[in-house]
Amino acid sequence: MPQRVLIVEDDNNIAELLHLYLEKEGYETRVARDGGTAVEQFHAFQPDLVLLDLMLPVMDGWAVLKKIRESAKTPVIMLTAKGETTDKVSGLEMGADDYIVKPFVMKEVLARIHAVMRRVGGEEEPKAKKLTFDKLVINLDSYELLVDGKRVDTPPKELELLFHLAASPNRVFTRNQLLDEVWGFDYFGDSRTVDVHIKRLREKLEEVSDQWRLKTVWGVGYKFEVAAP
């Protein structure tokens, strides 16, 4: 059963972006655009976590947080344009579990959600991010790429792209999928960015093994092709 996140945000663009990103990551979401609706939705939806904007119509974030804490210990992450230390301290003292200042990057929001959920026991510890193939080790824990036993200097985004492809062997990804899933919804670059990173990876991996390869699927995208045993 997917975990539920209640998004309380009156800015339609931010609310929709959070909704799309979290749904893509496997969460079930519901959006409330004012404080009064947020309290109603909290009781009806029974979320596992709340993303709560501070400045809201009808009832502000402080009041919503107070209402939530009257009956539940559900994790709450405050979202606000205010960055003053006093606001952060006030939110945490009132029972918020974390605090993110706008503008934020979506990957940061996801990382904060994972961290808070693990802290309260709502998520398992993440699995080690290490993949091993013939003469190839992709390690996202240490951000290392080992090719034929030798460490190869690889920029973080190249390594993340290779890991993403190799984590789903023989699955074809379009360029837009890779931009969304590796670079994130907050990235507004050209899809040719993917081509450039693939080219650089191929230069590092060329003729290392006949058991796998980075393959172009013409007219579609790319895949990490693994030979059948």
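Residues numbered from 1 in each chain as written. Predicted model: local features only at pLDDT ≥ 70, side-chain atom pairs only at ≥ 80, totals over all residues. Heavy atoms only, no water.

(A) Geometry of the packing of helix α6 (residues 156-166) against helix α7 (residues 175-183). Where α6 contacts α7, the axes come no closer than 10 Å and their chain directions differ by 115 degrees. In the packing of α6 onto α7, the handedness of the crossing is right-handed. Together, Lys157, Glu160, Leu161, His164 and Leu165 of α6 and Leu178, Glu181, Val182 and Trp183 of α7 make up the contact between the two elements. Here the contact of α6 with α7 is built from residues that sort into five nonpolar, one polar and three charged. (Axes fitted to C-alpha atoms, helices over the stretch in contact; angles between N-to-C directions. Helix = DSSP H or I, 4+ residues; strand = E, 2+ residues; numbered from the N terminus. Left-handed = near helix turned anticlockwise from the far one by under 90°. Contact = heavy atoms within 4.5 Å. Nonpolar A, V, L, I, M, F, W, Y, C, P; charged D, E, K, R; others polar.)

(B) Structural detail: the pairing of strand β1 (residues 4-8). In terms of residue burial, β1 counts as a mostly covered element, since four of its five residues are buried. Two elements, β1 and strand β2 (residues 28-32), share five bridges in a ladder whose sense is parallel. What sits directly across from Leu6, in β2, is Arg30. One crossover worth recording links β1 to the parallel β2 by way of helix α1 (residues 12-24), and it is right-handed. (Buried < 20%, exposed > 50% of the residue type's maximum accessible area, 1.4 Å probe, protein only. Pairing = 2+ DSSP bridges. Right-handed = clockwise from strand over helix to strand, strands pointing away.)

(C) Main features of the sheet that holds strand β12 (residues 221-226). Taken in spatial order, the three strands of this open sheet run β10-β12-β11, and their pairing is antiparallel. Each having just a single partner strand, β10 (173-174) and β11 (212-217) make up the two edges of the open sheet. Sheet analysis places β11 next to β12, joined by six bridges and oriented antiparallel. Opposite Arg213, over in β12, you have Glu225 as the bridge partner. Lying on the sheet, α6 is in contact with β10, β11 and β12; it crosses β12 at an angle near 65 degrees.

(D) Structural context of the sheet that holds strand β9 (residues 150-151). Here we have four strands laid out as an open sheet, ordered β6-β7-β8-β9, and antiparallel in their pairing. At either end of the open sheet lies a strand with only one pairing partner, and these are β6 (130-133) and β9. By the bridge criterion, four bridges tie β6 to strand β7 (residues 136-139) in an arrangement that is antiparallel. Counted as the bridge partner of Thr132 is Val137 from β7. Packing against the sheet, α6 makes contact with β6, β7 and β8 (144-147), and its axis sits at approximately 110 degrees to β7.

(E) Quick peek at α6. For α6, the buried fraction is high: eight of the 11 residues fall into the buried class. Within α6, the full set of buried residues consists of Glu158, Leu159, Glu160, Leu161, Leu162, Phe163, Leu165 and Ala166.

(F) Quick peek at the environment of Arg213. Structurally, the position occupied by Arg213 is in strand β11. Spatially, the C-alpha atom of Arg213 lies 5.3 Å from that of Glu225, the residues being 12 residues apart in sequence. In terms of polar contacts, Arg213 uses its side chain to reach the side chain of Glu225, at 2.8 Å. (Polar contact = N/O pair within 3.5 Å; in protein donor to acceptor, adjacent residues only side chain to side chain.)

(G) Just the packing of α6 against helix α8 (residues 192-205), in detail. The geometry of α6 relative to α8 is characterised by a closest axis approach of 10 Å and an angle of 85 degrees between their N-to-C directions. As far as their axial angle goes, α8 and α6 are roughly perpendicular. Along the contact surface, α6 presents Lys157, Glu158, Leu161, Leu162 and Leu165, while α8 presents Val194, His197, Ile198, Arg200, Leu201, Lys204 and Leu205. (Parallel < 35°, antiparallel > 145°, perpendicular 65-115°, else oblique.)

(H) Focus on helix α5 (residues 106-119). With 14 residues, α5 extends 20 Å from end C-alpha to end C-alpha; this agrees with the ideal 20 Å at 1.5 Å per step. Listed in full, the buried residues belonging to α5 are Met106, Val109, Leu110, Ile113, Val116 and Met117. For α5, the angular spread of buried residues about the axis comes to 130 degrees, placing them on one side. Packing partners of the buried residues in α5 comprise α1, β3 (49-53), β4 (76-80) and β5 (98-101). (Expected span 1.5 Å × (residues − 1). Arc of directions from axis to C-beta.)

(I) Structural context of the pattern of salt bridges. If you walk through the whole model with that rule in mind, you get 16 salt bridges. Across the pair Arg112 and Glu108 runs a salt bridge whose closest N-O atoms are separated by 3.0 Å. Of this pair, Arg112 and Glu108 are both found in helix α5, four residues apart, which corresponds to roughly one turn of the helix. Take Glu108: its relative accessible area is 30%, and that puts it in the partly exposed class. Look at the salt bridges and you will find they share partners, linking Arg213, Lys215, Lys223 and Glu225 into a network. (Salt bridge = Lys/Arg side-chain N within 4 Å of Asp/Glu carboxyl O.)

Purely geometric stuff here, so don't read any function into it on its own.
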